[in-house]
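# Structural features, examined
Here are the chains, one letter per residue:
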Amino acid sequence: MNCHLCLVFTPIDRKYRNAFQFTPPLGLVALENFIHRLDPSVRITILDGGPIHSLNEIIEFIEKERPDFVAQSVMQKSYENALTIAEHAHRCGAKNIFGGHHVSQLCEAIAFRQSDLVDYVVYGEGEMALWRIINNAPLEEIPNLAINDNGTIRKTPAFVLDLDESPLLDYSNIDLSPYTRAQGDVVSTTTYMRVYSHKGCGNRMNGKGCLFCGRSDDILRFKSPEKYWTEMKYVVDVCNANYIFDVGDDFLYNLDWLKKAAATRPVFYKAFQLAVFGRSIGVTKESVEALRKIGVTDVAIGFESGDEKTLKKCNKRNTTPEMNIAAARELFLSGIIAHVHYVLGLPGESKSSLRKTVDHAKAIAELSMSIIGSVPGEIVANLIEPNPGSPIYRALTRAYPEKYLLNDRISLDELQRDYFRHFFNLESLESYLAFRKELALIAREIMNCAPDSGAQGWTESGD
Ligand code: B12
Ligand code: SF4
């Protein structure tokens, strides 16, 4: 098909602290893989506003190359930049497409407010929607759309990807050289790549999830272990990756799957580190044994708080601070590195709960020192972000409907401000800034336990 599709991972507002990335956005790679399997002749360019392309470079590319479609993967912190890019694309005659978790959560508001600028608002998995869009299918035949019909918003049915039918992960059409260069300045011996074994999270099975979590897919499904290993062989043997991050949210959710994956692991002739996300509830002797056989070297877990009451309110079902310590111990005993994440400013947070979180972090660091002889990979203290779609975002919508209902342009600043106003009665700006400062000091104390950790939710200045 004679068309140029430009996939953009929209750069975030530079006011916020960014996470450095050494590999292309996997969501956009998955979209590229899907479309190229159906039609290899589609010209697809990926512009990564994470580490590689600045806002100006993206705009310049669009103005010069004049793609037919500009499809952006948008986050809360990149929404304003997404609108700026969309304006330029629109002027160049391109059709604008927005997608990703943030867009999925706010699809009605975006379709309501931006229908003159954004031609297609896609919620959920974008594969089939994007394919039909670039084939100029009628709206009714495009799944996963939020459509503005003269002020009334309706959605077309969702297409759910069968993970075993989806194309095998393939980075061959993606220019990896900018990543290699960017990475070379930092850690030249590591080739970093992402894979995903599953989509969805066990903690969202009842549609609720952690208080701050804004992920948009509720269905939890795994690729078959065979497919998983085929993709792992590809990234290790063909792409030469030696640090692989499996971005699925709950790698330890299904013990049967873990055991099958452990039993069917092929032989690898090169060494690699494999990092996954998990929840403490899934860490048992049996699961850790399977992780070891699979070759998992690092597990990132959201511990969220060292205070039992605060953790309970966070809605990480049936998890306690003691369980988190026990999970870390089990991992350390197997030689697996734990990466520990806390969220500061959870509802009910107090001086005492913060102190317990600091003590928890210190206990984890000591445990790691005593068992593996080094601090954990990371001990991260994030500032709470009420991501759209999360339970706390819904609470803010109920508290301030005139501001939040069908509004697509809410900055993280404002969200955090309203969150602390609503949940902590911090009405005055002074009281809010003072509490934020207190949280920032606690964050520094926690992060000192593992100095290489990078936290999110804060501004670039660290407060
Ligand atoms: C890896 C990751 C990161 C990485 C890299 C992001 C990247 N470049 O891809 C880093 C560490 C940088 C990161 C940072 C952040 N992340 Co993040 N991240 C993830 C994670 C774990 C995996 C993403 C992934 O690759 N998934 C696998 C691919 C195949 O799926 P996918 O990305 O969802 O893409 C599919 C669909 O969403 C859709 N789609 C995606 N983009 C587009 C675009 C178009 C046009 C279309 C049509 C469809 C479409 O189709 C894709 C294929 O099915 C997810 C959680 C998760 N497990 O998904 C969180 C997640 C996406 N992150 C999240 C957040 C909040 C952030 C931060 C804002 C955190 C922070 N506090 O700063 C920052 C933002 C930084 C930034 N630069 O934008 C939230 C998003 C919530 C929301 N409502 O927006 C998630 C869902 C985590 C969560 N549990 O809440 N993140
Ligand atoms: S934060 Fe993680 S564990 Fe909690 S619901 Fe979201 S994806 Fe699941």
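Residues numbered from 1 in each chain as written. Chains lettered and ligands numbered in written order. Predicted model: local features only at pLDDT ≥ 70, side-chain atom pairs only at ≥ 80, totals over all residues.

## Quick notes on the overall build of the protein
- Helices and strands together make up the secondary structure of the protein, namely 17 helices and 15 strands.
- For 463 residues, the compact-globule formula gives about 23 Å, and the C-alpha radius of gyration of the protein, at 22 Å, lands near that figure.
- Expressed along its principal axes, the backbone C-alpha trace of the protein runs to roughly 60 × 60 × 40 Å.
- By residue count, 46% of the 463 residues in the protein fall in the buried class.
- In the protein, of all internal contacts separated by at least 6 residues, the share reaching a separation of at least 24 is 75%. (Helix = DSSP H or I, 4+ residues; strand = E, 2+ residues; numbered from the N terminus. Rg over C-alpha atoms; globule rule 2.2 N^0.38 Å. Buried ≥ 20, exposed ≤ 12 C-beta atoms within 10 Å, placed from the backbone. Contact = placed C-beta atoms within 7 Å.)

## Structural notes on the domain arrangement of the protein
- One can read the domain layout of the protein as domain 1 (4–155) and domain 2 (190–447).
- Each of domain 1 and domain 2 has a C-alpha centre, and these two points are 27 Å apart.
- Counting from both sides, the interface comprises 20 residues of domain 1 and, opposite them, 17 residues of domain 2.
- Looking at the side of domain 1 that touches domain 2, the elements that each hand over two or more residues are α4 (101–105) and α5 (107–113).
- The element that contributes the greatest number of residues to the side of domain 1 that touches domain 2 is α5, accounting for 5 residues. (Domains from an automatic or database assignment.)

## A closer look at the pairing of strand β6 (residues 145–149)
- As paired elements, strand β5 (residues 120–122) and β6 share 2 bridges and run antiparallel to each other. What sits directly across from V122, in β6, is L145.
- Sheet analysis places β6 next to strand β7 (residues 152–155), joined by 4 bridges and oriented antiparallel. Within the sheet, the bridge partner assigned to N148 lies in β7 and is I153.
- Counted along the chain from β6 to the antiparallel partner β7, the turn is 2 residues long, and its residue N150 has a positive phi close to 50°. (Pairing = 2+ DSSP bridges.)

## Details of the nonpolar core
- Among the nonpolar cores identified, the biggest contains 73 residues, and L331, A338, L344 and I379 are the most heavily contacted of them.
- Excluding residues that lie within four positions of it along the chain, L344 makes contacts with E349, L354, A381, N382, L383, I384, L439, I442 and A443.
- Listed in part, the 50 residues of the second largest apolar core include V8, V29, I58 and I142. (Core = buried A, V, L, I, M, F, W, Y, C linked by C-beta atoms within 7 Å.)

## Side note on the packing of helix α12 (residues 321–333) against helix α13 (residues 351–372)
- At a minimum axis distance of 10 Å, the contact between α12 and α13 shows a crossing angle of 20°. In terms of orientation, α12 and α13 fall into the roughly parallel class. For α12 against α13, the interelement crossing comes out right-handed. Judged by residue contacts, P321, I325, A328, R329, F332 and L333 of α12 engage H360, A363, I364, L367, S368, I371 and I372 from α13.
- Considered class by class, the residues forming the contact of α12 with α13 number 10 nonpolar, 2 polar and 1 charged. (Axes fitted to C-alpha atoms, helices over the stretch in contact; angles between N-to-C directions. Parallel < 35°, antiparallel > 145°, perpendicular 65-115°, else oblique. Left-handed = near helix turned anticlockwise from the far one by under 90°. Nonpolar A, V, L, I, M, F, W, Y, C, P; charged D, E, K, R; others polar.)

## What about the site of ligand 1?
- Taken together, 44 residues lie near ligand 1, and G27, G99, G126, G214 and Q456 sit nearest.
- Contributing elements (two or more residues each) for the shell around ligand 1: α1 (26–38), β3 (69–73), β4 (95–99), α4 and α6 (127–134).
- A total of 4 residues in the shell around ligand 1 trace back to one element, the largest contributor, which is α1.
- Of the residues in the shell around ligand 1, the class split is 17 nonpolar, 20 polar and 7 charged.
- Counting contributing residues, the shell around ligand 1 receives three or more from each of domain 1 (4–155) and domain 2 (190–447). (Near = placed C-beta within 6 Å.)

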